[in-house]
Amino acid sequence: MRNKFVGILAVLLLAIGFLILNYPTLSTLYNQLHQGTVLTTYDDTVQKMNEEKKKKYWQEAKAYNERLAGTTPQLTDAFSDKGNKEDSDYNQILNLEEDTGVMGSIEIPKISVYLPIYHGTSAEVLERGVGHMEGTSFPIGGRSTHTVLTGHRGLPSAELFTNLDQIEENDIFYLHILDKTLAYKVYNIETVEPSNVESLAIQQGRDLATLVTCTPYGINSHRLLIHAMRVPYKGETKDAKEALKENLWQWLLKQKTLLMSVALLLFLALPLLALLIYFIIQRIKARREKKRREMERRARRQRQIREKGGK
């Protein structure tokens, strides 16, 4: 009984230690799976949508971008609590499912990122995925457009743009909006003060996208801006579900703490498992032996009864 108690306690301690050590990774994994579900739902919604409705969503976004190109919106730091509320129709554009606010997704193959893009840059949005900065162009491309997408780094529960500093010039990322894919090639990377938003403005005739996150890591005093220009898309990306699985697998392979702790857990758990199997086998043998003895005892009693009856 004592050995059994010690074994159970050891297993519990191993499990608790594993969960504590890997909480950030496991939490991030949960969020990645949730984000995958959100994107799969979005993709399924698009697949079921008729062409006329897709065109309507696209035209609404295009009209918004054209109006925006003729104005000079007052942009602010994406991570401040000040939002741009110039257009009351903003949240309705490219909003296929009003309860989610997802307008599309961003795929960055180099850092295994595939995330939903939400309307706005509120704290709630940036906890879940990538935010589109209101006051910048919707991410559908076109002349005189500049879309700005923002994401956090270093959240304990989600990776998001944590590895954005690994992006280099000439790297390519993709925006998946409705059933279209837009490719953007990085041409400039800069670190600026939060109030420096001049480079986020629309540039006449150009089709631009900028990714924004905080830097340095853990200090967040400045903003890292990844500027990219539209390039022809050559069909180089994979199906959304396949890409999500591949990105998740690539991400898992980079989680050294998780992989090492799983290996250690297996190493420590195997002897306990072997001991448990041994106890189970011995228990089964004991029961069989007990059953065999009981049957022999009954057989002897029956013989004795028959012998007495014969006399």
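Remember, it's a predicted structure, so these values are computed and weren't measured experimentally. (Residues numbered from 1 in each chain as written. Predicted model: local features only at pLDDT ≥ 70, side-chain atom pairs only at ≥ 80, totals over all residues. Heavy atoms only, no water.)

> Would you mind going over the overall build of the protein with me for this structure?
The helix and strand tally for the protein stands at six helices and eight strands. In sequence order, the protein lays out its α and β elements as α-α-α-β-β-α-β-β-β-β-β-β-α-α. Long-range pairs, those at least 24 residues apart, make up 68% of the contacts in the protein with a sequence separation of at least 6. Total accessible area computed for the protein in this model is approximately 18600 Å², and 57% of it derives from carbon and sulfur atoms. (Helix = DSSP H or I, 4+ residues; strand = E, 2+ residues; numbered from the N terminus. Contact = heavy atoms within 4.5 Å. Areas by Shrake-Rupley, 256 points an atom, 1.4 Å probe, with all protein chains shown as cover.)

> What am I meant to see in empty space enclosed by the protein here?
Where empty space is left in the structure can be found by rolling a water-sized probe over the atoms. For the structure on display, the rule yields one cavity of 30 Å³ or more. What the largest cavity holds in volume is close to 60 Å³. Along the wall of the largest cavity there are 13 residues; nearest its centre are D77, P194, V197, L200 and R223. Considering only residue class, the lining of the largest cavity consists of eight nonpolar, two polar and three charged. (1 Å grid on protein atoms, 1.4 Å probe; cavity = no way out; pocket = protein on both sides within 12 Å on 5 of 7 lines; lining within 4 Å. Points joined across faces, edges and corners; volume = space filled by probe spheres on them. Nonpolar A, V, L, I, M, F, W, Y, C, P; charged D, E, K, R; others polar.)

> Explanation requested: the side chain of H119 in the structure shown.
With respect to the secondary-structure elements, H119 resides in strand 2 (residues 113–119). Among the polar contacts listed, one links the side chain of H119 to the backbone oxygen of I93, at a separation of 2.6 Å. Reaching out from H119, the side chain makes a polar contact with the backbone oxygen of G101 at a distance of 2.9 Å. Those residues in contact with H119 that sit more than four places away from it in its chain are Y90, N91, I93, L94, N95, G101, M103, V125, H132 and F138. (Polar contact = N/O pair within 3.5 Å; in protein donor to acceptor, adjacent residues only side chain to side chain.)

> Hey, could you run me through the pairing of strand 8 (residues 222–231) in this one?
As a general feature of sheets, a regular strand has side chains that alternate between the two faces. Counting buried positions along strand 8 gives seven out of 10 residues, so the element sits mostly inside the fold. Taken together, the nine bridges between strand 6 (residues 180–192) and strand 8 define a ladder with antiparallel strand orientation. Counted as the bridge partner of K185 is M229 from strand 8. As judged from the eight bridges shared by strand 7 (residues 207–215) and strand 8, these two strands associate in the antiparallel manner. Note on strand 8: the bridge partner recorded for V212 is L225. (Buried < 20%, exposed > 50% of the residue type's maximum accessible area, 1.4 Å probe, protein only. Pairing = 2+ DSSP bridges.)

> What should I look at first to understand helix 3 (residues 51–69) in this one?
One turn of an α-helix holds 3.6 residues; hence residues three or four places apart share an orientation. Here helix 3 spans 27 Å end to end across 19 residues, near enough to the 27 Å set by a 1.5 Å rise per residue. If you check which residues of helix 3 are buried, you get K54, Y57, W58, A61, Y64, N65 and L68. Angular distribution of buried residues about the axis of helix 3 spans 120°; they occupy a single face of the element. Those residues of helix 3 that are exposed and aimed more than 90 degrees away from the buried face are E51, E52, K55, K56 and E66. Backbone nitrogen of E52 and a side-chain oxygen of the N-cap are separated by 3.2 Å at the start of helix 3; the cap is N50. (Expected span 1.5 Å × (residues − 1). Arc of directions from axis to C-beta.)

> How should the pairing of strand 1 (residues 102–108) be read in this particular structure?
For strand 1, the buried fraction is high: seven of the seven residues fall into the buried class. Of the strand pairs in this sheet, strand 1 and strand 2 are connected by six bridges, and their pairing is antiparallel. By the bridge assignment for strand 2, V102 is matched with Y118. Across three bridges, the pairing between strand 1 and strand 5 (residues 172–177) is antiparallel. Counted as the bridge partner of S105 is H176 from strand 5.

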